[in-house]
Structure formats: structure tokens, C-alpha cells
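# Structural overview
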Amino acid sequence: MDYLTILKTFRQGDRELRPLRVGELAEQLGLEPRAAVIWTVKLWRSMLIQPVSWRPPGIMWRPAPHEDITRIEGFKVTKRGRERLKWARRRAGSGTELFG
């Protein structure tokens, strides 16, 4: 599994106008719940996704201490995340390795 696959799954939720929850991510991709949490936090901290609910400024891009992110209403892809997906599509279309 790679971050682009995870990000594309969140983007599909955006297209369906249905923010994706961590549990749904696990179900759709066949991930263990803990793995879905880890991937979600990684993309969140990278500012590629964000929760759909309001967040205080100090914890906009990360979970609060002891926060159970499986209870967050859902996540949507940020502008930065959409740009990353466009970049990956252009790179894939050029025949160049993404990370080579």
C-alpha cells in the first residue's frame, strides 16, 4: 500500500460528496484498523487531507493528544492533496518513475 492509493480513496469519497471515515478506509482497502489510523494521520500531518469538522488552530493538522480519530466525522482531500494527485498523474503519464 502506498500513500497515493490512500489519497485516491479519500478523493473518491470527495467526489461522492461523502467524507471518508477511518473505518470506511479500512473496509474499502482491506486494511487493519490500526493501519488505517496510521495512514490517515500521515496524510493529515502532511496536509493532504483534513477533517470536515472544525478544528482549533493549534491542532488543525494533527490529532489532539489522546484523540480517537476513528470518531472524526470524516476527512476530505485538501487543495494540496488534489495538486499532489495531479502531479502523480502527470508523472505516471510521462513514463517516468514516481520515486526513482
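Bear in mind the structure is a predicted one, so any value in this text is a computation, not a measurement.

## So, a positive patch on the surface
Where like charges cluster on the molecular surface, the positive patch consists of Lys8, Arg15, Lys76, Lys79, Arg82, Lys86, Arg89 and Arg90. Note on placement: Lys86 falls in helix 4 (residues 79–93). Under the relative-accessibility criterion, Lys86 is labelled partly exposed at 45%.

## Points about the environment of Pro63
Here Pro63 is to be found in the loop between strand 1 (49–51) and strand 2 (75–77). Overall, the relative accessible area of 16% leaves Pro63 in the buried class. Along the backbone, Pro63 and Trp44 are 19 residues apart, and their C-alpha atoms lie at a distance of 8.7 Å. Every residue in contact with Pro63, bar those within four places of it in the chain, is listed here: Val41, Trp44, Arg55 and Ile69.

## Here we look at the nonpolar core
Membership of the largest hydrophobic core comes to 24 residues, with the highest contact counts inside it found for Phe10, Leu43 and Ile49. Where this core is concerned, the elements lending two or more residues are helix 1 (3–15), helix 2 (22–29), helix 3 (33–45), strand 2 and helix 4. Looking at this core, the element that brings in the most residues is helix 3, giving six residues. In contact with Ile49, other than residues within four places in its own chain, are Leu7, Phe10, Thr40, Leu43, Trp44, Trp61, Phe75, Lys76, Val77 and Thr78.

## Observations regarding the side chain of Thr78
Among the secondary structure elements, Thr78 is positioned in the loop between strand 2 and helix 4. A distance of 2.7 Å separates a polar side-chain atom of Thr78 from the backbone oxygen of Met47. In this structure Thr78 touches Met47, Leu48, Ile49, Gln50 and Trp61, once residues within four positions along its chain are discounted.

Basis of the calculations
Residues numbered from 1 in each chain as written. Predicted model: local features only at pLDDT ≥ 70, side-chain atom pairs only at ≥ 80, totals over all residues. Heavy atoms only, no water. Patch = residues over 30% accessible without salt bridge, like charges linked within 9 Å, V, L, I, M, F, W, Y side chains within 5 Å. Areas by Shrake-Rupley, 256 points an atom, 1.4 Å probe, with all protein chains shown as cover. Salt bridge = Lys/Arg side-chain N within 4 Å of Asp/Glu carboxyl O. Lys, Arg positive; Asp, Glu negative; His and termini not counted. Charge placed at Lys NZ, Arg CZ, Asp CG, Glu CD. Helix = DSSP H or I, 4+ residues; strand = E, 2+ residues; numbered from the N terminus. Buried < 20%, exposed > 50% of the residue type's maximum accessible area, 1.4 Å probe, protein only. Contact = heavy atoms within 4.5 Å. Core = buried A, V, L, I, M, F, W, Y, C linked by side-chain atoms within 4.5 Å. Polar contact = N/O pair within 3.5 Å; in protein donor to acceptor, adjacent residues only side chain to side chain.

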